[in-house]
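# Summary of the model geometry
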Amino acid sequence: MRRRALLRFAAGAALALTLLAPGPLAAPLRAATPDAAPAPAPASKPLDVDALLYDPEAPVAGNPKGDVTIVAFFDYNCGYCRKASPALEKLVAEDGNIRLVYKDWPILAKSSVVAAQLALAAKYQGKYDAAHATLMKIPGRASTERMSAALAEAGIDRARLASDLKTHAKAIGALLARNNEQAEALGLPGTPVYLVGPYKVAAALDYQGFKDVVKDARDRAAER
């Protein structure tokens, strides 16, 4: 599936994840494809900085009043995203003054879309962090069944997840659409990309790399 078609699938009305027959782990999930051919993708919109930083639907971790904001664009099928994620999470936890905004940007495969939808649906039961961490640890392009089993093992309520996928389908699709519009407005080349204060980092940083760029962002802010 080409990237633009995949993004339209992620952001459109095709969020039709359904539960299969229940089993011991509560059944796996699958994604339905759109019934109709998608319309041509619209031109990129100008960047709305407030929406980028303070979208009320975007999951946020760390200190909500932190002096540095990191905006992370990622795809669960991105190996570089998975490599950098533990270092970023460690720094956010240890620093205590970083606000981390998650931007699910599923651009690599249909399973990326499914993973993003599952993680964002888990937010409604207060389990986005658990879903995010779980999906980031699955190597390779995981099947829906594998993601399903992993989320169940992480303690996510599958019945509630199914209900929230249906109830909040429009909101989840709209959020993915906004994330994509922001990525296109920023001219992002792919994942991962981290916006750290005034800096844009299109690379998988290690712990020291994240620590250094956060320090640079704070130093820049102090100069103003």
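What comes next is a walk through the structure.

Definitions and cut-offs
Residues numbered from 1 in each chain as written. Predicted model: local features only at pLDDT ≥ 70, side-chain atom pairs only at ≥ 80, totals over all residues. Heavy atoms only, no water. Phe/Tyr/Trp six-rings, centres within 6.5 Å; stacked < 30°, edge-to-face > 60°. Buried < 20%, exposed > 50% of the residue type's maximum accessible area, 1.4 Å probe, protein only. Helix = DSSP H or I, 4+ residues; strand = E, 2+ residues; numbered from the N terminus. Pairing = 2+ DSSP bridges. Right-handed = clockwise from strand over helix to strand, strands pointing away.

## What about the packing of aromatic side chains?
- Applying the stated criterion across every chain, the model contains five aromatic pairs.
- Consider the rings of Phe74 and Tyr76, whose centres lie 5.2 Å apart with planes at 80°: the pair is edge-to-face. The exposure classification of Phe74 matches that of Tyr76, with both residues buried.
- With 5.3 Å between their ring centres and 50° between their planes, Tyr102 and Tyr128 make a pair best called tilted. Highlighted residues: Tyr102 in strand S5 (residues 98-104) and Tyr128 in helix H5 (residues 128-136), separated in sequence by 26 residues.

## Concerning the pairing of S5
- Burial analysis of S5 places seven of its seven residues in the buried class, which makes it a mostly covered element.
- With burial as the criterion, each face of S5 is covered, one bearing Ile98, Leu100, Tyr102 and Asp104 and the other bearing Arg99, Val101 and Lys103.
- In this structure, strand S3 (residues 60-62) lies alongside S5, joined through three bridges in antiparallel fashion. For Val60, the partnering residue across the bridge sits in S5 and is Val101.
- By the bridge criterion, seven bridges tie strand S4 (residues 68-74) to S5 in an arrangement that is parallel. The residue of S5 that forms the bridge with Phe74 is Asp104.
- In this fold, S4 hands off to helix H3 (residues 79-95), which returns the chain to S5; that crossover is right-handed.

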